[in-house]
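Single-letter residue listing:
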Amino acid sequence: FPLLQEWHINVFGFVAQNVPNSDWEKKVTEYFKEKLKENNATNWVPSLNDVPVHYLKPNSLVKFRCMVQDMFDPEFYMAVYETVDPNTNARVLHFGKYRDVAECGPQEIDLNSSQTVTSERQTFYCVPVPGESAWVKEISFLTDQARVSPSTSYTPSRHKRSYEEDEDMDLHPSKQKEQHMGSGSDIHGCVEPKRLETEASAGHHVISPNCSPPLDLNFPLPGEKGPACLVKVYENWESFKVNDVLEVFGVLSVDPVLSIVNSEERDSSTLDPMECMDTAEEQRVHSPPASLVPRIHVILAQKLQHINPLLPACLNEEESKTFVSNFMSELSPVRAELLGFLTHALLGDSLAAEYLILHLISTVYARRDVLPLGKFTVNLSGCPRSSAFTEHLYRLIQHLVPASYHLRMSIESMNQSRFIPHKDYTANRLVSGLLQLASNTSLVIDETQLEQGQLDTAGVRNVTALGNLITWQKVDYDFNYHRMEFPCNINVLITSEGRSLLPSDCQVHLQPQIIPPNMEEYMSSLLTAVLPSVLNKFRIYLSLLRLLDYSISDEVTKAVEEDFVEMRKNNPESVTADDLHKMLLVARFLSLSVGQTTLSRERWLRAKQLEALRKARLQQQQSVNGNEL
């Protein structure tokens, strides 16, 4: 792919060929759009998700898969500016777009020039997708063709390593990936605690040599790794909002000058007088060291429907339609194998496995007033407390879904954790919380370890936030003087011994058919028994089905209504409008789970049957325990 070397490494080489006029910006965007369509070119562009910043050449084209965590105020920049040679008085026009620092060399910028054009750009603070599964990172890394060597023009001397080590990484990409994903050692496999330019963990503050106090990268979940980036968008930024998942292609900017406001030895005369109006805390947050928080000047950006690298990014294109129809033709055996796999994971309970499949493919497909339609929170009660069952079940789910988080409920975690994002007006930023998650993230809440105790004010607020998330699929962010609703689409699974303290759409009481003597061994053996190709089919199945459209014909609607009237005749108390809604929801996901995008009579009857079995089991458990479940 020789052309790549020319167009993606030297972005400004192309820009420099154009003189400033009204068309040049359009030309740049169109040029790169076309280039990225050729020969899977997107796979050849280095990704900041995989490659450490110090390996990449400044001003080269990079991509980044991320979630918008915060949105800063728009900033003004010189789109066109004029420089003057002090010796010859020769004047030259320059572009300022896609740059943080003006390029003027020995010349001086004429700030009073009539040719100067001031424009506006929007800055988004973006982080890697919270809770993104290791398999997503691994497959994305292996799909990308860009194998980047350290940039000779940028790599600090302490990053040098032997040729043998580089060769070893080339021969064993998985080893390189393993180190990219962050073990205890750095990217080169050497323990070097002071080297902080690659990945930093959330929950741990990053101590920059020029920055005091330590810099918080503001990741929503603890233990996250990867770069945070300031993503600068030049057009249509109104279409992006907080919590959107994006893939951006743009110019990497890591100029050391960007770190000047963080330098303890900074000379105030070098700063823009306007910048001095900001508080020191705001300067620190909005202008972090570029080695820790690189800048990307966006040429192309797209919202992602999903982050599963096994699926085409956009399902509407012709090639994607072929992929979908081919996969749908072999859906039946995939569903059967997945049902078997989850039945084993749920200790032989096939009814619970059926409901878990429906839960994993559920999604909010519409909102009617404030009511989110399609949410399907399942409370799996009757879970064994002693064997860390939920922990192992979560690990299996993690291997199936693209993004997830395991929330262990305890009095301590409820009282001490920060669930709700809040606005810090001093630093002028949105401080993240555990519930700032991307759409379609699987949230597994473990109540099995919950013991008696007293919730404080923060704990009560956190439990209320979880209840609102489940019931209304929204999180009320705290802006001190008011609260702002942020709609979300999170799949919540609650595991508990008795009935959950939290609301749910559907309670399924687990009936284990087997009790393994060693739960860890049992669950691990389930994963090793599944072929990687089959596991990938499970992953495609669960991601694809939640993206399909679904409808009910007038004829079937009428039949369902008549059926409901009939059920009410026999026993008016036993079937309510809520029960009908639940049965229709089960029928919807049951139909989609077998690849049917409309409701048939057969699926409706099967949904009624599943619901009858689930309710009978709850009744049975209630009579055994003598209390409500």
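So, how was this worked out
- Residues numbered from 1 in each chain as written.
- Predicted model: local features only at pLDDT ≥ 70, side-chain atom pairs only at ≥ 80, totals over all residues.
- Heavy atoms only, no water.
- Helix = DSSP H or I, 4+ residues; strand = E, 2+ residues; numbered from the N terminus.
- Buried < 20%, exposed > 50% of the residue type's maximum accessible area, 1.4 Å probe, protein only.
- Phe/Tyr/Trp six-rings, centres within 6.5 Å; stacked < 30°, edge-to-face > 60°.
- Lys NZ or Arg CZ within 6 Å of the ring centre and 35° of its normal.
- Pairing = 2+ DSSP bridges.
- Core = buried A, V, L, I, M, F, W, Y, C linked by side-chain atoms within 4.5 Å.
- Axes fitted to C-alpha atoms, helices over the stretch in contact; angles between N-to-C directions.
- Parallel < 35°, antiparallel > 145°, perpendicular 65-115°, else oblique.
- Left-handed = near helix turned anticlockwise from the far one by under 90°.
- Contact = heavy atoms within 4.5 Å.
- Nonpolar A, V, L, I, M, F, W, Y, C, P; charged D, E, K, R; others polar.
- Polar contact = N/O pair within 3.5 Å; in protein donor to acceptor, adjacent residues only side chain to side chain.
- Salt bridge = Lys/Arg side-chain N within 4 Å of Asp/Glu carboxyl O.
- Patch = residues over 30% accessible without salt bridge, like charges linked within 9 Å, V, L, I, M, F, W, Y side chains within 5 Å.
- Areas by Shrake-Rupley, 256 points an atom, 1.4 Å probe, with all protein chains shown as cover.
- pLDDT = per-residue confidence, 0-100.
- Expected span 1.5 Å × (residues − 1).

Tell me about the side chain of Glu 354, and please be specific about residues and values.
Within the secondary structure, Glu 354 sits in helix α10 (residues 350-360). The exposure class assigned to Glu 354 is buried, which follows from its relative accessible area of 8%.

Could you give an account of the packing of aromatic side chains, naming the residues involved and the relevant values?
Centre distance and the angle of the planes are the two values used to describe a pair of aromatic rings. Throughout the structure, instances matching the rule amount to 9 aromatic pairs. Between Tyr 31 and Phe 32 the ring centres are 5.1 Å apart and the planes differ by 90°, which places this aromatic pair in the edge-to-face class. Ring-pair connections join several aromatic residues into one group, and the members of that group are Tyr 77, Tyr 98 and Tyr 234. Sitting over the face of the ring of Tyr 77, Arg 121 holds its NZ or CZ atom 4.5 Å from the ring centroid.

Residue-level account of the pairing of strand β16 (residues 474-478), with values.
Where β16 and strand β17 (residues 483-487) come together, 5 bridges link them in antiparallel fashion. Its bridge partner lying in β17, Val 475 is registered against Phe 486. Counted between consecutive antiparallel strands, the loop separating β16 from β17 contains 4 residues, among which Asn 480 sits at a positive phi close to 65°.

Report on the nonpolar core, specifying residues and quantitative values.
Core analysis: the biggest nonpolar cluster contains 75 residues, and Phe 341 and Tyr 541 have the highest contact counts within it. One finds Val 242, Leu 407, Val 492 and Ile 494 within the second-largest nonpolar core, a separate group that totals 27 residues.

Explain the packing of helix α16 (residues 554-570) against helix α18 (residues 601-625) residue by residue, including any values.
Each pair of packed helices can be described by the angle between their axes along with the distance between the axes. At a minimum axis distance of 11 Å, the contact between α16 and α18 shows a crossing angle of 30°. Classified by the interaxial angle, the pair formed by α16 and α18 is roughly parallel. When the axes of α16 and α18 are compared, the crossing they make is right-handed. Across the interface between the two elements, Ala 559, Val 560, Asp 563 and Met 567 of α16 pack against Arg 601, Trp 604 and Lys 608 of α18. Class assignment for the residues of the contact of α16 with α18 results in 4 nonpolar, no polar and 3 charged.

Run through the packing of α10 against helix α17 (residues 577-593), naming residues and quoting values.
Between α10 and α17, the least distance of the axes is 9 Å, while the angle of their chain directions is 90°. By the angle between their directions, the pair α10 and α17 is classed as roughly perpendicular. Of the residues in α17, those touching α10 at Glu 354, Tyr 355, Ile 357 and Leu 358 are Val 586, Phe 589, Leu 590 and Ser 593. Of the residues assigned to the contact of α10 with α17, the class counts are 6 nonpolar, 1 polar and 1 charged.

Go over the environment of Gln 107 with me, naming the residues and quoting the values.
Inspection of the secondary structure puts Gln 107 in the loop between β3 (91-95) and β4 (108-109). By relative accessible area, which is 19% here, Gln 107 ends up buried. Each C-alpha atom, one on Gln 107 and one on Val 84, is 5.5 Å from the other, the two residues being 23 residues apart in sequence. Filtering out sequence-adjacent residues up to four positions away, Gln 107 remains in contact with Thr 83, Val 84, Asp 85, Pro 86, Val 92 and His 94. Among the polar contacts listed, one links the side chain of Gln 107 to the side chain of Thr 83, at a separation of 2.9 Å.

Explain unusual backbone geometry residue by residue, including any values.
Positive phi values are uncommon outside glycine, yet Asn 428 reaches one of about 55°. Considering the arrangement of structural elements, one finds Asn 428 in the loop between β13 (422-424) and β14 (429-431). Judged by its relative accessible area of 17%, Asn 428 falls in the buried class. Positive phi is not limited to glycine here, since Asn 440 has a value of about 65°. Tracing the chain through its elements places Asn 440 in the loop between β14 and β15 (442-446). Given a relative accessible area of 16%, Asn 440 falls into the buried group.

Provide a residue-level description of the pairing of strand β18 (residues 491-495), including the pertinent values.
Most of β18 is tucked away, with 5 of its 5 residues classed as buried. Of the two faces of β18, both are covered, the one formed by Asn 491, Leu 493 and Thr 495 as well as the one formed by Val 492 and Ile 494. Here strand β11 (residues 378-381) pairs with β18 via 3 bridges, running parallel. Counterpart to Asn 379 in the pairing with β18 is Ile 494. Across 5 bridges, the pairing between β15 and β18 is parallel. Paired with Leu 443 across the strands is Val 492, a residue of β18.

An account of the sheet that holds β18 is needed here, citing residue identities and associated values.
If you trace the 5 strands from one edge of the open sheet to the other, you get β12-β15-β18-β11-β19, paired in parallel fashion. With one partner strand each, in any of the chains shown, β12 (404-408) and β19 (506-509) form the two edges of the open sheet. Along the sheet, successive strands turn relative to each other by an average axial angle of 20°, direction set aside. Where β11 and β19 come together, 4 bridges link them in parallel fashion. The partner of Asn 379 across the bridge, within β19, is Gln 507.

Summarise the pattern of salt bridges; cite the residues concerned and give the values.
The full count for this structure, using the stated rule, is 30 salt bridges. When salt bridges with common partners are traced through the structure, they connect Glu 75, Asp 100, Arg 121 and Lys 232 into a single cluster.

Which residues make up a nonpolar patch on the surface, and what values do they have?
Together, Val 370, Leu 371 and Trp 472 line one region of the surface with nonpolar side chains, adding up to about 270 Å² of accessible area. Structurally, the position occupied by Leu 371 is in strand β10 (residues 371-373).

If you had to explain the confidence of the model for the protein to someone new, which residues and values would you point to?
Detailed reading of the predicted model is not advised wherever pLDDT is low. The share of residues in the protein with pLDDT of 70 or more is 82%, and the mean pLDDT across the chain is 84. Across residues 152-204, where pLDDT falls below 50, the model places 91 contacts with residues more than four positions away in sequence or in other chains.

Residue-level account of the environment of Ala 41, with values.
Within the fold, Ala 41 resides in the loop between α3 (24-37) and β1 (61-71). The buried category is assigned to Ala 41, whose relative accessible area is 0%. Sequence separation between Ala 41 and Asp 144 is 103 residues, and the spatial gap between their C-alpha atoms is 9.5 Å.

I'd like a rundown of helix α13 (residues 457-472), residues and numbers included.
Three or four residues apart is the spacing at which side chains of an α-helix point the same way, because the helix has 3.6 residues per turn. Look at α13: 22 Å from first C-alpha to last across 16 residues, which is about the 22 Å you get at 1.5 Å a residue. Buried within α13 we find Gly 459, Asn 462, Ala 465, Leu 466, Gly 467, Leu 469 and Ile 470. In this structure, the buried residues of α13 make contact with β12, α12 (411-416), β15, β16 and β18. For α13, the N-terminal cap is Asp 456; the gap from its side-chain oxygen to the backbone nitrogen of Ala 458 is 3.1 Å. Of the residues trailing α13, Gln 473 is marked for its positive phi of about 50°.

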